[in-house]
Each structure stands twice: as structure tokens, then as C-alpha cells.
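# Coordinates in review
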Amino acid sequence: MFAKFKGLFSGPQVPTDSGTIKAAPDPVPTPAPAPAVAKKEKPGDKENEAKKEDKPQAPEPAPAPTPSPTPVPTPEPTSAPAPAPTSAPAPAPASAPAPAPASAPAPAPASAPAPAPAPTATPVNPEEAGPDGQGGAPPTPPIVINKYSDEQLRHISQRMKERLNLYKEKVTDRYASSPEITPPVTPLLPKDEYTRVIEERARQAEEERIKKEEADKKKKEEQEKKKKEAEQKKKEEEEKRKEEEKKVKVPLKTRLIGAYWSSVDFVMKPLEDRMDPVLGHTIDPFTDRRYIAWLSVVTVAINYNTWFITVRMCFPYHTETSIPIWFTMDILADIIYFLDAILFQPRKQFVKGGDIIKDRTMTTKHYRESERLLADMISLLPFDLLYLQFGFKSGFRANRLLKIDTFFEFSDRLESILAKAYIWRVIRTIGYLLFMLHLNACFYYVASEYQGIGGTKWVYSGLGSAYLRCYYFAVRSLINIGGLPEPVTLFEIIFQMTNFFIGVFVFSSLIGQMRDVIGAATAAQTYFRASMDGCVAYMNTYTIPKMVQNRVRTWYNYTWASQGMLDESELLEKMPLVMRIAIAVDINLATFQKIQLFQGCDQQMLVDMLLRLKSIIYLPGDFVVKKGDIGKEMYVIKSGAVQVVGGPDNSIVFVTLKAGCVFGEISLLQSAKDGGNRRTANVRAYGFANLFVLEKKDLFDILVHYPESQKVLAKKGRQLVKSKAPAGAATKEEKQKGLALFGQKPPTPKLFKAFGNLRKSGLLEKLKKAAEEEK
């Protein structure tokens, strides 16, 4: 780096390969002298220029072919460096008529009498010769500091020269081409010619429009033709497929099943058509109350068969007077089974691939391909016809118990629509217990009949109602109540031991299930009691005054009584967003749409605001808002009422706000600068008040996504502030706005103020009078 600076400060250096001959300041003989860098102007150059001016012009030689340049030997320096000048040019050879000019001699000093001949050199480039054919000194090579910059400058210079030549040609011939794209020039036409051109253009445009319409029409016709061809092809393929299906040999079983269902559809079609207006083409099994009501009817039929088939099988209740009653009840239960299989089950909607299938054909096919149909068909098989051969025995109706799946379906659907589902769970568990006792009573009667009625003390004695006596024994036996008669025979001992084991297992399971049902039903109340007890224990630990403790207990009791939970947000957070939006919209959207501040805002913004609301319960006499507080919330009255009060002891009631009213909305948009969001009145709860609260932070988080609604709210907020502000405050605000246009008035200079005070005090007038009196 320092070498570069040294080269720059030492002056320009001439390249060694330039071929320029220069005199060295110190003529020391060397075998191969190298050109030295001259820092000062050489005297030889000045003398060469002088000699060049005084040198006579040589005659111009005849034109001849250009000879090859003759190399010139490098002269050896001597101790006397002053050679004699050569005025005549060197003779040229015959083959080369062009003369070879001699180089200018250097002047000799006075102390050197013997002149030395100057070395001659032939110019390498013939163009370097003078205008008169005389050879001149070769030009000094340019000084190159940066090779890249030098090349770029040369390139730019070359381009400028080319552009200059191009513009010269353009000046000479104005129709010459230009490297720039020239925009087309609109020719100036006469009026008639211009009218003709316009008409021609309009005609061409009309022709193009007609051609385009014809092309579109043709394209449309082609599309319709292709569509018809595709439909025709599809129809042909469908017919071909049907023909191929006909040609394929269908198994006999499939054909019989298809024929059976075709006959069933043909027979049942009039009944189904009549029921369509009542039931609809399809039924939603989860939400349709008509289907759940029908399931309750089917459940009654199932319970009839489940309880009375076992009773009739074990007890002698088939008498001549009771058989017609049993037969009528059996037929009624079978009709219910049949109607369920042909009218309701084929209409049940189902989910396939996430889609709810509502097509009647698809639902019917789905039912006929399910296992539910097989169970329904088996349960409807008429084994009752065997009564004619074997007598009236209820065992032939045991296949009706296969319909038990409908009972469990009814239980699930009923739990989904009940507000207090645990009541049904308790009833169902008790029913299971009673049915187990019922089965044990039946088995006990069969065992007694096997041992002989009244044969021992352990068996049924035959007195009284057989079913009630046996049921009583089953209750005492399964629940392991003492006082039972001792079994005598081995069969009686084994039966009684089996009863004890089954009773322990079954009753322990049922009791555990009952405990779970009751625990789930009272889980919320248990949590409430635990929370209240913990809060009371905390207050007692820190000796909170009894009045405050009573208010806390009142808040707990009212909150539990009014909404059945302490915090509604805990329940809503477990729901999906769609459900939360639906609940919030149903409760509060109508109220928010009535608020003047939010009218004209985006509806989605209002929905987002509803999701940020928090429910708070205030006790009678609680101050919701106090005058002078910082306003950070807006309140919506869900239930109850609040009063705007004032006066020395807040005894004056200005207005009473009830459910659906809103207050504190202006403070959401006012800034805290200069206390602009301070509360201006006291608001007190009148009785128990349940309020929804929207905080300012939540509103600002929502407005980030709704810039247009933000502008609307800002504008309406200013209007509401102006309309609700007092008259004096409005005048002051307008006055401040007017002064703001001119800025604040600058203070009066002290000198002028002093003169003004003198003038006001009358001192100047006294001085003037005193001066006049002296005159």
C-alpha cells in the first residue's frame, strides 16, 4: 500500500516497453541501459522541439508501396553527449522510395568540440510522420493509473463518437433510422378522407363483432352438441351396463332377496306414502322428538315382553280367562315391532364419510344391509303359530327379546334431551335392580315346583300370591337379609349358595353404579360447597368482619341459585367456537345491536365482542361505578337493575336502568389524557344485578382487525361526547379550537408592560402637565 503512495507522489512513470528514447541525467555507460524515469523536464526535449521548428521541409516522395519498418539500433551513450545535428534525411533504398527520417539531434555543450552522430530511428507507425512527410518525435505514451477506468473511459469515448456520427447522418438525412423506437405519427387527413376512414373503421368493427358473435354461437352449439353426445354416450353406457348385469348370472339367493324386498315395497308403498306427510321422508334420530317419542312406545312393548314372558313361562298364569288378554297384548306388541321395522327404521338418517345421508333410498338400503334388520326380522318371526300344535305357551315368544337394542337406543336419546339426565340414570339403575329380583323370584318358583310346592320349609308353601311370595324371598335372599328358612336338600343348599354369590356381585355393582350416578349429579354442587367452605375458612383465618362474611355468603348462594355454577366461562371454554358463538349471539346480539355507539359497525366485530364478555353478579347496594374512577369497562345489564345516583349521600336517583340497558360505553373510546375517561356519575346495584362486562383492552384488541369499524366508533364517540357534555364545556372547547388556529399568544415584553402600567397609573399624564407648567 505504501509503495502505491510512493509511486503516486514520485510522478508519472513511463512504461519500459514504450520504445521512447530518453536521455539519462547521469551518463554512466552500461551494457544494456534501461530507460530512466525523468522527474524534471529534459533539455533534450526542448532542443528537439526547437530543431523541429527550424528543420527544412523535405520533398514529398513518390507514392510507393509501404516498406516494412527498419529496426534502429540503440545508440550507446558516450562521455560527450552533444552530437552534431543531421539536416538531411537518410537515402531510401530503391525498393522503398519513402525516406526514413532521422531523429532530432541533441545540442552539444560548448566544451565538447567533437560532435557525435545522432542515432536515427524509423517510425514504427507511418501515421506518426508529420504532415509534410517528415518524421517527428514519437508521442509520449499516456499515463495509466487504473487500467479498468481507462478501458471504460475509452469505451464511452468510442460510443460518443459513434453517436456523434449517427446524429451527423441524421442531420444530413432526416429520414434515416434511429436506434430509438419512434412512436407512430397520426397523419393529418382532410375532412372527407377522415370521415371515410372513420366509417371504414366502424364497418370493420361491426364485421368483427358479427364474426365474434357467430364464432361464440358456433362454439356454444358445439358445446351443446358435445354435451348431448356425452349424455347420450353415458346413457348408452348405462344401458350397456344394465344389459351386462342382466347377462351376468345372479345367484339365486340374491334374486330371491331382491324379489322379496320388491314385493314388500309394493305392498307397503300406500302406507308409506300416507305416513310421509306425518313423519317426513327421513328422520334425524338425534334431535327429532317424534322419533324419541316413538322409541318410548317401542320400549314399553319391549318391557312388556321382557317382564311378562318370563312370568308366564314360570308361573301358572295361563288360564282360560287370562289367555285372551295375553293374546291381545301379544298382538299389540307385535304390531308395534312391525311398524317400527317398516316405517321408522328405514327413515333413519345416518352418517357416511362425514356426510349426513338424507336420501330415502339410501337410508332404506342402509337399514336393510345392517344387523339391526336381522334382529328385527328374527324378533318378528311368528312362532306363536305353534300354539295350535303345542298349546298356549309364552316360551314361543322368546325371540321378541332380541329387540332389546331399541331400549338402549331410547335410553341414550332420552339422556341427550333431558335437562337433568341423572334422574333417568337413577330410574334405569333401579329398574335393573328390580328386574334382577324379578328373575330370581321366577327361578325360586321353578325350584319350588321342582322340589314340590310346600314339600319343605324352604320352598314356596303355595299360600297367597305366588309371585309376591317369591319376590319377597328373592329380595331377602339377594340382599342377604337374615331370617330365611334353612335349606334341607342338596338342591336347595346349592340354589341358596348361588343366590348369595349372585346377590353379592350384582348388588355391589348396582350400588357402585348408583353411587357414580348420584356423584355425577351432585358434582357441581359439591364443587360449590367446597369453594364456599374454603372461602369462609380463609375469612375466619384473617378475622374478616361478620358483615363482609355475610355478604360473601350471600354472593355464593345467589350465584349458585341463579346460574347453577360459579363461573360460566369454565363451561363455555370446553365448547367449540361455533357453539360459543351461537350461545353468545342468542343471548346478547340483539342487545348490542340496539346500542347507539355500535350501530353501523361490522356484525362480525359485534360477534367477537360477545365472546369477550364476562359475567359479574353485584349484590344490592354495591357500587358498580363511582364518580371519578378511571373508566376501563362497558356494562350490559343481563338481569336485575341499577340506579344512577348522586347528591351528598347518593340519595338522589336520576334514572333506573333495567335488563338490556348499557352504560359506560363512552369511556371505552376516550383517552386518559387530561382525565377524559373519568366516570361522571355513581351507578349502584338496585337488588341483585347480573352484568356483562367488556374491557377496553379487549375492545382495542378486536378493533385492530376492523379498521373501518374503528373509524365509525371514533366518529360516534366524539359525537356522543359532544351531545352529553354541558353547554359551558362545549363553548370552552369550541373557543380552544378557534385559538388553536392562531397559536398561543406570545407574552408582552417587560418594557412595554412597564409603560402600560405607567399609563394605567396616570404617571405619564402628571409628567406632561408638569412640563407644560414649567414652559
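Residues numbered from 1 in each chain as written. Predicted model: local features only at pLDDT ≥ 70, side-chain atom pairs only at ≥ 80, totals over all residues. Heavy atoms only, no water.

Below, the discussion takes up the overall build of the protein. Looking only at helices and strands, one finds 24 helices and eight strands in the protein. Looking at the protein residue by residue over its 775 residues, the buried ones come to 24%. For the protein, restricting intrachain contacts to residue pairs at least 6 apart in sequence, the fraction spanning at least 24 positions comes to 70%. Looking at the protein as shown, the accessible area adds up to about 55,000 Å², and 61% of this sits on carbon and sulfur atoms. (Helix = DSSP H or I, 4+ residues; strand = E, 2+ residues; numbered from the N terminus. Buried < 20%, exposed > 50% of the residue type's maximum accessible area, 1.4 Å probe, protein only. Contact = heavy atoms within 4.5 Å. Areas by Shrake-Rupley, 256 points an atom, 1.4 Å probe, with all protein chains shown as cover.)

Evaluation of the coordinates by the stated rule reveals 26 aromatic pairs. Taken together, a centroid distance of 5.4 Å and an interplanar angle of 35 degrees make the contact between Tyr 304 and Phe 308 tilted. Within this pair, Tyr 304 and its partner Phe 308 are both found in helix 6 (residues 289–314), separated by four residues, close to a single helical turn. Summarising the aromatic geometry, the rings of Phe 410 and Trp 424 are spaced 5.9 Å apart at their centres and angled 80 degrees between planes, so their arrangement reads as edge-to-face. Residue Phe 410 is located in helix 11 (residues 404–417), and its partner Trp 424 is located in helix 12 (residues 421–451); the two are separated by 14 residues in the primary sequence. We note that Phe 410, like Trp 424, is buried. Among the aromatic residues, those joined into a cluster by ring pairs are Phe 315, Tyr 317, Tyr 445, Tyr 460, Tyr 467 and Tyr 471. (Phe/Tyr/Trp six-rings, centres within 6.5 Å; stacked < 30°, edge-to-face > 60°.)

Let's shift gears to the pairing of strand 6 (residues 652–657). Where strand 5 (residues 633–646) and strand 6 come together, five bridges link them in antiparallel fashion. Looking at strand 6, one finds that Val 645 is bridged to Val 653. (Pairing = 2+ DSSP bridges.)

Moving on to the packing of helix 15 (residues 523–541) against helix 16 (residues 546–563). Contact geometry for helix 15 and helix 16: axes closest at 11 Å, N-to-C directions at 170 degrees. Viewed along their axes, helix 15 and helix 16 adopt a mutual orientation that is roughly antiparallel. Side by side, helix 15 and helix 16 meet where Ala 524, Gln 525, Phe 528, Ser 531, Met 532, Cys 535, Val 536, Met 539 and Asn 540 of the first sit next to Lys 546, Gln 549, Val 552, Arg 553, Tyr 556, Asn 557 and Trp 560 of the second. Along the lines of polarity and charge, the residues of the contact of helix 15 with helix 16 split into nine nonpolar, five polar and two charged. (Axes fitted to C-alpha atoms, helices over the stretch in contact; angles between N-to-C directions. Parallel < 35°, antiparallel > 145°, perpendicular 65-115°, else oblique. Nonpolar A, V, L, I, M, F, W, Y, C, P; charged D, E, K, R; others polar.)

Core analysis: the largest hydrophobic core is formed by 29 residues, its most contacted members being Phe 344 and Phe 410. Counting only elements with at least two residues in this core, the list comes to helix 5 (252–279), helix 6, helix 7 (323–344) and helix 11. (Core = buried A, V, L, I, M, F, W, Y, C linked by side-chain atoms within 4.5 Å.)

When two helices pack together, their arrangement is captured by the angle between the axes and the distance separating the axes. Contact pair helix 13 (residues 466–478) / helix 14 (residues 490–521): the axes reach a minimum separation of 8 Å and the direction vectors enclose 70 degrees. Classed by the angle they form, the pair helix 13 and helix 14 counts as roughly perpendicular. Here Phe 473, Ser 477 and Leu 478 of helix 13 lie close against helix 14, whose contacting residues are Gln 496, Asn 499, Phe 500, Gly 503 and Phe 507. Grouping the constituent residues of the contact of helix 13 with helix 14 by class yields four nonpolar, four polar and no charged.

Right, let's get into the side chain of Thr 363. By the secondary structure assignment, Thr 363 is in helix 8 (residues 360–368). We classify Thr 363 as buried; its relative accessible area is 1%. Among residues more than four places away in sequence, those in contact with Thr 363 are Thr 282, Pro 346, Arg 347, Lys 348, Gln 349, Phe 350 and Ile 357.

Moving on to unusual backbone geometry. With the exception of glycine, most residues fall at negative phi, and the peptide bonds are largely trans. A positive phi angle is found at Thr 543, which is not glycine, with a value near 50 degrees. Mapping Thr 543 onto the fold places it in the loop between helix 15 and helix 16. With a relative accessible area of 65%, Thr 543 lands in the exposed category.

Moving on: a negative patch on the surface. There is a patch of like negative charges on the surface, built from Glu 236, Glu 237, Glu 239, Glu 243 and Glu 244. Examined against the element boundaries, Glu 244 turns out to sit in helix 4 (residues 191–247). Given the relative accessible area of 43%, Glu 244 is considered partly exposed. (Patch = residues over 30% accessible without salt bridge, like charges linked within 9 Å, V, L, I, M, F, W, Y side chains within 5 Å. Salt bridge = Lys/Arg side-chain N within 4 Å of Asp/Glu carboxyl O. Lys, Arg positive; Asp, Glu negative; His and termini not counted. Charge placed at Lys NZ, Arg CZ, Asp CG, Glu CD.)

Averaged over every residue, the pLDDT of the protein is 76; the share at 70 or more is 73%. For the protein, the element scoring lowest by mean pLDDT is helix 2 (residues 43–54), at 43; helix 6 scores highest, at 94. Contacts of residues 727–742 to residues separated by more than four positions or lying in other chains number one contact, the stretch itself having pLDDT below 50. (pLDDT = per-residue confidence, 0-100.)

The subject of this paragraph is helix 18 (residues 577–594). Taking 1.5 Å per residue as the helical rise, helix 18 with its 18 residues ought to reach 26 Å, and the 24 Å between its terminal C-alpha atoms agrees with that figure. Where helix 18 bends most, at Asn 588, the angle is about 55 degrees. At its buried positions, helix 18 is contacted by helix 19 (603–611), strand 5, strand 7 (662–663) and strand 8 (682–695). (Expected span 1.5 Å × (residues − 1). Bend = angle between axes of the 7 residues up to and from the residue.)

Scanning the entire structure with this criterion turns up 32 salt bridges. For Arg 397, the salt bridge identified is with Asp 384, shortest N-O distance 2.9 Å. Of this pair, Arg 397 sits in the loop between helix 10 (387–390) and helix 11 while Asp 384 sits in the loop between helix 9 (371–379) and helix 10, and the two are 13 residues apart along the sequence. The pair Arg 397 / Asp 384 is uniform in exposure class, with both members buried. Linked through salt bridges whose partners overlap, the residues forming this network are Arg 312, Asp 330, Asp 334, Asp 384, Arg 397 and Arg 400.

On the secondary structure map, Gly 503 appears in helix 14. We classify Gly 503 as buried; its relative accessible area is 1%. Note: C-alpha distance between Gly 503 and Ser 477 (26 residues apart in sequence) is 7.5 Å. Look past the residues within four positions of Gly 503 in its chain and what remains in contact with it is Leu 478 and Ser 508.

For Gly 452, the position within the fold is in the loop between helix 12 and helix 13. In sequence terms Gly 452 and Gly 462 are 10 residues apart; their C-alpha atoms lie 9.8 Å from each other.

Now for the pairing of strand 5. One face of the sheet, then the other: side chains in a regular strand alternate in exactly this way. Among the 14 residues that make up strand 5, 10 are buried, leaving the element largely enclosed by the rest of the structure. The pairing of strand 5 with strand 8 spans 11 bridges and is antiparallel. Looking across to strand 8, one finds that Tyr 635 is bridged to Val 693. Looking at chain direction, strand 5 and strand 7 are connected through two bridges and run antiparallel. Counterpart to Tyr 635 in the pairing with strand 7 is Phe 663. Once strand 5 ends, the chain turns through five residues before running back antiparallel as strand 6, passing Gly 647 with a positive phi of about 95 degrees.

This part covers a nonpolar patch on the surface. On the surface, Leu 374, Ile 378, Leu 381, Phe 383, Leu 386, Phe 390 and Leu 402 cluster together into a nonpolar patch covering about 610 Å² of accessible area. Structurally, Ile 378 is set in helix 9.

Our next topic: the side chain of Asp 334. Among the structural elements, Asp 334 can be located in helix 7. Each residue touching Asp 334, except ones within four places of it in the same chain, is listed here: Leu 380, Arg 397 and Arg 400.

What follows concerns helix 9. The set of residues buried in helix 9 consists of Arg 372, Leu 373, Asp 376 and Ser 379. Buried residues along helix 9 cover an arc of 130 degrees about the axis, so they all sit on one side. Seen from the buried face of helix 9, the exposed residues on the opposite side, beyond 90 degrees, are Glu 371 and Leu 374. On its buried face, helix 9 sits against helix 5, helix 7, helix 8 and helix 11. (Arc of directions from axis to C-beta.)

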